[in-house]
Amino acid sequence: MTLDNRKSIVQARKIVKIYDTGSVKVEALRGIDLDVKRGEMVAVMGPSGCGKTTLLNCLSGLDETTSGNVFIEGTDLARMKDDERTEYRASNMGFVFQFYNLLPVLTAVENVEMVLLLSGIKPKEARRRAEKALEIVGLKNYEKHRPSQLSGGQRQRVTLARALVNDPKIVWADEPTGDLDKKNSNEMMQMMKSLNEKLEMTFVIVTHDPDVAAVCRRIIHMEDGKIVKDVPITAKDALVHPKGIDYTSCGDRDTGSARISAQEKASM
Ligand SMILES: Nc1ncnc2c1ncn2[C@@H]1O[C@H](COP(=O)(O)OP(=O)(O)OP(=O)(O)O)[C@@H](O)[C@H]1O
Ligand SMILES: [Mg+2]
């Protein structure tokens, strides 16, 4: 089956997100239509403040849209009850966020297995699967280490292990390599690519880094709350923003408040 015949796992229709802080209203998403098919690996790029994190939060159901619909596997997330949505996320989605905290008092393996224990998997099975996930990300010998005893790159791999331990259909990543040096960043991307190719895990990855985006198969560029370009990586100008923004000088830092408020929910 070619990718084009596959079913959409994500369908967004006319989504609008307005943040109303009382004195000012910010229209962070201005009518987004987007389909992501199962097995795709999509990069979302665009200048700081254009709405990338907000889009990820709205698509994954971490945040509510102001209007429009998001269907995940044909189901409208907004119509799910809160606990249904949380349960759906826990069993079908993985999250790799920079500020998606690991619990400092837990070891690497405990941080990873926690996701499974919370969804009712028996402790022995949870431990087995957590160990396997850590092995996949190259941390076989670091199971007993606490986050403070790991490097930034290793911590980020624990986060990836935690994202994939429940065998999710879709993984959302917001600047997954933002804190990493080139070597760790490449390794992280190769791991995600291999999961995408071998297990057909779907990835939607927000990044400023053209090298990270280049590993993906489809590139979406945003500007001011809209999608302004959506092309396969094979397009010769795939990594060029229509307005000519130079991504190499953007830096990887992200201080968007959307991520911090909504993404904290993901760790619950
Ligand atoms: N909780 C919030 N309350 C009010 N405004 C917000 C909130 N979160 C984000 N915004 C605003 O919405 C717009 C989009 O923010 P968002 O965090 O989605 O941008 P981004 O593309 O992820 O940027 P960056 O690359 O810096 O992370 C910005 O103008 C931002 O100031
Ligand atoms: Mg952001």
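Residues numbered from 1 in each chain as written. Chains lettered and ligands numbered in written order. Predicted model: local features only at pLDDT ≥ 70, side-chain atom pairs only at ≥ 80, totals over all residues.

**Student:** What should I look at first to understand the overall build of the protein in this one?
**Tutor:** Counting secondary structure elements, the protein contains eight helices and 10 strands. Within the span of the protein, comprising 268 residues, buried residues form 43% of the whole. For the protein, contacts bridging at least 24 residues in sequence account for 71% of all contacts bridging at least 6. (Helix = DSSP H or I, 4+ residues; strand = E, 2+ residues; numbered from the N terminus. Buried ≥ 20, exposed ≤ 12 C-beta atoms within 10 Å, placed from the backbone. Contact = placed C-beta atoms within 7 Å.)

**Student:** Even after reading the chapter, I still don't get the sheet that holds strand β10 (residues 226-232), so can you show me in this structure?
**Tutor:** Each strand in a sheet pairs with its neighbour through backbone hydrogen bonds, running either in the same direction (parallel) or in the opposite one (antiparallel). Judged by pairing direction, the sheet is mixed, and its six strands sit side by side in the order β6-β7-β8-β3-β9-β10 without closing on themselves. Each edge of the open sheet carries a strand with a single partner, namely β6 (93-97) and β10. Sheet twist, expressed as the average angle between the axes of neighbouring strands with direction ignored, equals 15°. Taken strand by strand, helix α5 (residues 152-164) contacts β6 and β7 (170-174), and its axis lies near 165° from that of β6. (Pairing = 2+ DSSP bridges. Axes fitted to C-alpha atoms, helices over the stretch in contact; angles between N-to-C directions.)

**Student:** Hey, could you run me through the packing of α5 against helix α6 (residues 182-199) in this one?
**Tutor:** Orientation of α5 relative to α6, taken along the N-to-C sense of each, is 15°, at an axis distance of 10 Å. Judged on the interaxial angle alone, α6 and α5 are roughly parallel. For the pair α5 and α6, the sense of crossing is right-handed. Two secondary-structure elements touch here, α5 through G153, Q156, L160 and L164 and α6 through N184, M188, M191 and L195. Here the residues of the contact of α5 with α6 sort into five nonpolar, three polar and no charged. (Parallel < 35°, antiparallel > 145°, perpendicular 65-115°, else oblique. Left-handed = near helix turned anticlockwise from the far one by under 90°. Nonpolar A, V, L, I, M, F, W, Y, C, P; charged D, E, K, R; others polar.)

**Student:** What should I look at first to understand the pairing of strand β2 (residues 25-37) in this one?
**Tutor:** Along a regular strand, successive side chains alternate from one face of the sheet to the other. The pairing of strand β1 (residues 8-20) with β2 spans 10 bridges and is antiparallel. By the bridge assignment for β2, D20 is matched with K25. The hairpin formed by β1 and β2 contains four residues between the paired strands, and G22 there has a positive phi angle of roughly 100°.

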